[in-house]
Amino acid sequence: MKLLSLNSCHVPDDLSTVTQYDPQSEVNPESVGMSDKQINKIWQATEWLYKTGASPAITLCIRHKGKIILNRAIGHARGNGPEDTPDTPKILATPDTRICLFSASKVVTAMLIHLLDELGEIDLLDPISYYIPEYGVNGKKNATIYHLLAHRGGIPSLPKNTDPKLLFSPDSALDLLYKAKPIAPSGHRAAYHALTAGYILGEIIRRVTGKDSREFLAEKISIPMDMPSFNFGLAPEYRDKVALNYSTGIKPVLLMDTFLRNILGGSMEDAEYYTNDPQFMDTICPAGNIFATAEQASRFFQMLLDGGRYQDKQLMNPMTIRRATIEVARPEFDAKLLLPMRYAMGPMLGAKPVGLYGLNTHHAFGHLGYTSIFCWADPDRDISASLLTTGKFLVGTGLPALLHLIATISLQCKILPPSERRRFS
């Protein structure tokens, strides 16, 4: 990766040659109170992001009032990264392309935990050590499941200089976390838990149910919702066309590079290298390795927006969704992200006047995934959206285009009258 380069992918003059969608999967926008003009503005903003060269592939799916209004892909799933040559074999991205959700996976894991609470198998206020006795040492005895869900567990990072290959060994990661000392008493400080909380929550699922997170997700969500590939890791039969991740944009240096390593434990290049390894698709990383299409991610958030219901199946109680999406504390600067954050018990929340999911998105809930993936639902607009990208960047021309796209979605999908907004009860 070149230091003084935009590290971008090649963008063809004719974007139609790299655009894929099935018009039959998208409803007439007028049937849900929108217009072709609004849809076109959202897609034009998507094309602008692609034109920056910051992401070799972008897939986008938006549902409004439960109907798909956009389900498209632009770019290449593999073969058109910054270091690839014109001769590198290329595979076009399609709406069916699986992309790693990275930290957007956290919401799914969190909802599995909330489901266990709904079923009476756990209590979110119980100490973690009640389920995992070996965790309750070195000042962690009173840390609760609630603390982990709210990024207040006190163990936001693995120890410094941890080998990135630990991603392939969940048991080794757990051993380190059992021995870890918290940076602050549990509940005292918001500090984004990039990977750590996921491993502990996954282990709680295993000890309580006797099933690993992959099996439990398949049983409770993936199979009932008719999307068997929506899971931690990726089954071999889907890997031939899975999208690869690419480090793009201007290379982070000095303070920015330190900031990234402090959160993730490695560089952008490390993330690209290790998450493209088939071993990452073999393992279970509850905080970061669900592979999905944009439509599947949108479908999951639509189920939450529908109060836990999918078609004729009630997968969760509406009150469970409500509890999971209530703000846990006033907004404060996150000790790891160094940004003012609004957290619920699992999701990241939107804000007024500007938030993670655009303008005036105070009731929106979802999650970011490694700098450029956004998955969320907005009850005030009655939308569930998933924007999946394969370019990983913090600095460069892609950032303003990405923010513009998120803002455009919030502007074109208007806030509905109070009587039409979604509420969980």
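Residues numbered from 1 in each chain as written. Predicted model: local features only at pLDDT ≥ 70, side-chain atom pairs only at ≥ 80, totals over all residues. Heavy atoms only, no water.

(A) Local environment of the overall build of the protein. Counting secondary structure elements, the protein contains 13 helices and 19 strands. Since a compact globule built from 425 residues should have a radius of gyration of about 22 Å, the 20 Å found for the protein is in line with a globular shape. If you line up the protein on its principal axes, its C-alpha atoms span 60 × 55 × 40 Å. Looking at the protein as a whole, 56% of its 425 residues are labelled buried. (Helix = DSSP H or I, 4+ residues; strand = E, 2+ residues; numbered from the N terminus. Rg over C-alpha atoms; globule rule 2.2 N^0.38 Å. Buried < 20%, exposed > 50% of the residue type's maximum accessible area, 1.4 Å probe, protein only.)

(B) How the structure looks around the sheet that holds strand S6 (residues 231-232). Pairing within the open sheet is antiparallel, and its three strands lie in the order S5-S8-S6. Among the strands making up the open sheet, the edge pair consists of strand S5 (99-100) and S6. Of the pairings in the sheet, the one linking S6 to strand S8 (residues 290-292) comprises two bridges and is antiparallel in character. What sits directly across from Asn231, in S8, is Phe291. (Pairing = 2+ DSSP bridges.)

(C) A look at the packing of aromatic side chains. Enumeration according to the criterion identifies nine aromatic pairs in this entry. Aromatic side chains Phe280 and Phe291 sit 6.3 Å apart centroid to centroid with 65° between the ring planes, which places their arrangement in the edge-to-face category. Taken together, the residues Phe280 in helix H10 (residues 278-282) and Phe291 in strand S8 connect sequence positions 11 residues apart. Phe291 shares its class with Phe280; the two are buried. A connected cluster of aromatic rings, assembled from ring pairs, spans Phe230, Phe300, Phe301 and Phe365. A cation over a ring is seen here: Arg72 above Tyr21, with NZ or CZ 4.5 Å from the ring centre. (Phe/Tyr/Trp six-rings, centres within 6.5 Å; stacked < 30°, edge-to-face > 60°. Lys NZ or Arg CZ within 6 Å of the ring centre and 35° of its normal.)

(D) Structural view of the nonpolar core. Formed by 86 residues in total, the largest nonpolar core has its most connected members in Ile145, Ile200, Ile221, Phe300 and Leu304. Take this core: its biggest share by element is eight residues, from helix H2 (residues 105-118). When near neighbours in sequence (up to four residues on either side) are disregarded, Ile221 contacts Leu112, Met227, Phe300, Met303, Leu315 and Met316. (Core = buried A, V, L, I, M, F, W, Y, C linked by side-chain atoms within 4.5 Å. Contact = heavy atoms within 4.5 Å.)

(E) Up close: empty space enclosed by the protein. Within the structure shown, the criterion is met by five cavities of 30 Å³ or more. Approximately 110 Å³ is the volume found for the largest cavity. Taken together, 13 residues make up the lining of the largest cavity; nearest its centre are Lys106, Leu148, His151, Ala197 and Leu201. Elements supplying a minimum of two residues to the lining of the largest cavity: H2, helix H4 (145-149) and helix H6 (196-209). A breakdown of the residues in the lining of the largest cavity according to their chemical character gives seven nonpolar, five polar and one charged. Counted as a void, the second largest cavity has a volume near 60 Å³. Looking at the second largest cavity, the residues that line it are Ala150, Arg152, Ala190, Val328, Ala329, Arg330, Pro331, Glu332, Met341 and Tyr343. (1 Å grid on protein atoms, 1.4 Å probe; cavity = no way out; pocket = protein on both sides within 12 Å on 5 of 7 lines; lining within 4 Å. Points joined across faces, edges and corners; volume = space filled by probe spheres on them. Nonpolar A, V, L, I, M, F, W, Y, C, P; charged D, E, K, R; others polar.)

(F) View of helix H7 (residues 213-222). Within the span of H7, buried status applies to Ser213, Phe216, Leu217, Ala218, Ile221 and Ser222. On its buried side, H7 packs onto H2, H6, S6, S8 and helix H11 (294-305). Sitting at the head of H7, Asp212 places a side-chain oxygen 3.1 Å from the backbone nitrogen of Arg214. (Polar contact = N/O pair within 3.5 Å; in protein donor to acceptor, adjacent residues only side chain to side chain.)

(G) Quick peek at the environment of Ser31. Of note, Ser31 is situated in the loop between strand S1 (19-21) and helix H1 (36-51). At a separation of 2.6 Å, a polar atom in the side chain of Ser31 contacts the main-chain carbonyl oxygen of Asn28.

(H) A look at unusual backbone geometry. A cis amide bond, omega -5°, links Lys352 with the succeeding residue Pro353. Looking at the element boundaries, Pro353 is found in the loop between strand S13 (348-349) and strand S14 (354-355). Of note in this structure, Phe102 is not a glycine but carries a positive phi near 50°. With a phi close to 55°, Asp382 is a non-glycine residue in the positive phi region. For Asp382, the position within the fold is in the loop between strand S17 (373-378) and strand S18 (383-389).

(I) Inspection of the environment of Gly398 at higher detail. Of note, Gly398 is situated in helix H13 (residues 398-412). In this structure, the C-alpha to C-alpha distance between Gly398 and Gly249, residues 149 residues apart in sequence, is 7.2 Å. Sequence-distant contacts of Gly398, that is, excluding residues within four places in its chain, are made with Leu49, Thr52, Ala54 and Phe393.

(J) A look at the side chain of Ser129. Assignment of secondary structure puts Ser129 in helix H3 (residues 128-131). What Ser129 contacts, discounting residues up to four positions off in sequence, is Gly136 and Lys141.

(K) Molecular detail of the packing of helix H5 (residues 170-179) against H6. Two elements in contact, H5 and H6, have axes whose closest approach is 10 Å; the angle formed by their N-to-C orientations is 105°. Comparing the axis directions of H5 and H6 gives the class roughly perpendicular. Judged by residue contacts, Pro170, Ala173, Leu174, Leu177 and Tyr178 of H5 engage Thr196, Tyr199, Ile200, Glu203 and Arg207 from H6. Tallied by class, the residues present in the contact of H5 with H6 amount to seven nonpolar, one polar and two charged. (Axes fitted to C-alpha atoms, helices over the stretch in contact; angles between N-to-C directions. Parallel < 35°, antiparallel > 145°, perpendicular 65-115°, else oblique.)

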